[in-house]
Amino acid sequence: MQRLRYVFVWLSRIFHCRGFGIQSPTDYWLVRYVINEHWPYYQYAIFEDEKDWLTRKLGQLYFRLANWRQPAAIESDAYRNYFQAGCKKVVFGESLELIRMTLDGDYRQRLAYIYNKVKDDTVLIVEGIWQNRSFWKELKADERAVVTFDLYYCGIVLFDKKRHKQNYIINF
């Protein structure tokens, strides 16, 4: 059943593939070479034993994001082996560089806490946005969230105030 939903989501977003229509060179590069990179990375072989396709797909995305950002610290309670493979020097704990949050528990209070500490180079990953589309719409509308990428299974938020506000739908 999950595979059928995956095919439906992919087909409904077919016109948002590989960065088509993105005018910003920075955002196009991020979509093309980090988010939707299809070439096998050097560490993918260690993740092949993962049974769940969504966990593997998100894990590989998190690996590529950590590889791109090379953060000193990551705030995440899961996917640690994927983040660690992307950036060997990373430590897990309080972070202003790369933050992963889920929509479990009191996620609104957690987001308010994150908003109070973000910097221009902070990357926020919000996992499970398909389960709460109204919250994702609120997050996109907030003036602090400058560039957002809706990947259906997760959302990526950038806070760089020097850029123009953009919201992208990506076929992931």
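What counts, and where the lines are drawn
Residues numbered from 1 in each chain as written. Predicted model: local features only at pLDDT ≥ 70, side-chain atom pairs only at ≥ 80, totals over all residues. Heavy atoms only, no water. Helix = DSSP H or I, 4+ residues; strand = E, 2+ residues; numbered from the N terminus. Buried < 20%, exposed > 50% of the residue type's maximum accessible area, 1.4 Å probe, protein only. Contact = heavy atoms within 4.5 Å. Pairing = 2+ DSSP bridges. Axes fitted to C-alpha atoms, helices over the stretch in contact; angles between N-to-C directions. Phe/Tyr/Trp six-rings, centres within 6.5 Å; stacked < 30°, edge-to-face > 60°.

### Quick look at the environment of E37
(1) Moving on: Positionally, E37 belongs in the loop between α2 (25-35) and α3 (53-69).
(2) Moving on: On a C-alpha basis, the gap between E37 and Q60 in space is 9.7 Å, while along the polypeptide they are 23 residues apart.

### Side note on the side chain of E37
(1) Moving on: Residue class for E37 comes out buried when judged on its relative accessible area of 14%.
(2) Moving on: Look past the residues within four positions of E37 in its chain and what remains in contact with it is R32 and R64.

### Concerning the sheet that holds strand β7 (residues 166-169)
(1) Moving on: Taking strand neighbours across the sheet as the criterion, the seven strands line up as β2-β1-β3-β4-β6-β5-β7 in an open arrangement whose pairing is mixed. The open sheet is flanked by β2 (91-92) and β7, the only strands paired with a single partner.
(2) Moving on: Direction of pairing for strand β4 (residues 123-127) relative to strand β6 (residues 154-158): antiparallel, over a ladder of five bridges. In the strand pairing of β6, L124 is matched with V157.
(3) Moving on: Docked against the sheet, helix α6 (residues 133-141) engages β4, β5 (147-150), β6 and β7, running at close to 155° with respect to β5.

### Some words on the packing of aromatic side chains
(1) Moving on: Following the criterion strictly, the structure yields 11 aromatic pairs and no others.
(2) Moving on: Taking 4.8 Å as the distance between ring centres and 90° as the angle between the ring planes, the aromatic pair formed by Y62 and Y79 counts as edge-to-face. A residue pair is termed long-range when its members are at least 10 positions apart, and Y62 in helix α3 and Y79 in the loop between β1 (73-75) and α4 (80-86) qualify at 17 residues. With respect to burial, Y62 and Y79 carry one shared label: buried.
(3) Moving on: Considering the side-chain rings of Y62 and F83, the 5.4 Å spacing of their centres and the 10° angle between planes classify their relative orientation as stacked. One end of the pair, Y62, is in helix α3; the other, F83, is in helix α4, with 21 residues separating them in the sequence.
(4) Moving on: Judged by relative accessible area, F83 falls into the buried class, the value being 0%.
(5) Moving on: Feature note: the residues W53, W130, Y152 and Y153 constitute an aromatic cluster, connected by ring pairs.

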